[in-house]
Amino acid sequence: MTETIWYELYDVNYKQVYYYNPETEDTQWKKPNTIDHLISVVNESKNNNKPNALEIIQDFESKVWSIIEKPQDQIETNTPKETNPNPEPESVHEKENEQEQEHEQQEQIVEQEQFNEQQEQIIEQEQYLEYNTNILKDDIIEGYQQGVPKILQFLHKQMLSFGLTAPGILSIDGETNTVLDRKEQLKVGDLNWNASDITIVNTLFFDWLENNKVQNPIVPDEFYDGCLNSLENEQALLEYIMTLPSPNLKTLAYLIQIVQSLLEEDVVKSTNLGIEELVAFFNIYIFSINKTAQNPELEQFFFETIIFIVDPTQFLI
């Protein structure tokens, strides 16, 4: 028995469904009572003329067959692509490149931090030196020697307040909180304080001498060779020293005066610090950081000699 096939179509003009039998070519609006197979076809034509049912069906069948005959891997679907739950690991080369980049970035960060820290230290040192080298030019201040760095004189007066025979006369205390606080006061020129411990004063005193070597050494670099070359003749040495710039000459005379006071007999008996020990203490602060220890034996001999031949009172008021 032949099966009855009907196509259900849609008339876009009348906006109504109708039915077509390709065997009998019958078309009717009402759905047939006897239907073995019903195929619904969407008419995509926008033609205002009445659609030809046979053309619609032929178009539909051609599309169906084109899909059936098309290779499976070329059929477009909306099915999402599956992702590989276990992707292949990155190559060793790629990992090495990533590690190298991370290492380089870390090195750049460290270098930048070190640079910033160095800049802060330079700024701090410059500020400190600005106050440390405060020369009393034309100002006459009671109790202070004109032309000698004020901070050097202040710290020396603090040392004298404890007495030259006090225990730990040249001992230092290191970077304690109290020392750091006093440094901050010195940076802003605050000298209105008294130390409670002589080691704090000593620490600040020798710290000043150490910092002074950087930009404002007591004996400038251009006088270094002349000082050492004049050691064979004391008179020639004394005359050469007197050619130093006035602030440098007065500061050197002031430091010699400090050492000479420490060499007094009663002080030496108490401290057990003789000429060799004192020269070792103070000699390293005479020349700049660029010159110190180039000729250590001659440098010590120079300082030891001028301690005995220089009369500080000739240069200090």
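Because the structure is predicted, anything quoted here is derived from the model rather than measured.

Cut-offs and rules
- Once a new chain begins, its residue numbering starts again from 1 and follows that chain's sequence as written.
- Per-residue local features are limited, in this predicted model, to residues with pLDDT of at least 70; the limit for side-chain atom pairs, both in listing and counting, is 80 or more; totals at the level of whole chains, interfaces and linings are taken over all residues.
- Note: side-chain values were computed over all heavy atoms of the structure, leaving out hydrogens and water.
- Each helix is a run of H or I in the DSSP string that is no shorter than four residues. Each strand is a run of E no shorter than two, and both are numbered from the N terminus.
- The contact rule is simple, with two residues in contact once any of their heavy atoms fall within 4.5 Å.
- The method behind every accessible area is Shrake-Rupley, applied with a 1.4 Å probe, and residues are considered shielded solely by the protein chains displayed.
- Each salt bridge in this description consists of a side-chain nitrogen of Lys or Arg and a carboxyl oxygen of Asp or Glu lying within 4 Å of one another.
- We treat two strands as partners when DSSP finds at least two bridges between them.

A. Molecular detail of the overall build of the protein. A tally of helices and strands in the protein yields 11 helices and four strands. In the protein, the proportion of contacts linking residues at least 24 apart, taken out of those at least 6 apart, comes to 64%. Within the structure as shown, the protein displays about 20,600 Å² of accessible surface, and the carbon and sulfur contribution to it stands at 47%.

B. Layout of the pattern of salt bridges. In this structure the tally under the stated criterion is four salt bridges. Across the pair Lys 187 and Glu 184 runs a salt bridge, and its minimum N-O distance is 3.2 Å. Of the two residues, Lys 187 and Glu 184 both sit in helix α4 (residues 177-187), three residues apart, roughly one turn of that helix.

C. Up close: the pairing of strand β2 (residues 16-21). Pairing of strand β1 (residues 5-11) with β2, which is carried by five bridges, proceeds in the antiparallel orientation. If you follow Leu 9 over to β2, its bridge partner there is Tyr 18. Counting the residues between successive antiparallel strands, the hairpin from β1 to β2 contains four residues, one of them, Lys 15, with a positive phi of roughly 55 degrees. Note that β2 and strand β3 (residues 26-28) share three bridges and pair antiparallel. Pairing of Tyr 20 across the sheet is with Thr 27, part of β3. Connecting β2 to the antiparallel partner β3 that follows it, the hairpin turn spans four residues, and Glu 25 within it adopts a positive phi of roughly 60 degrees.

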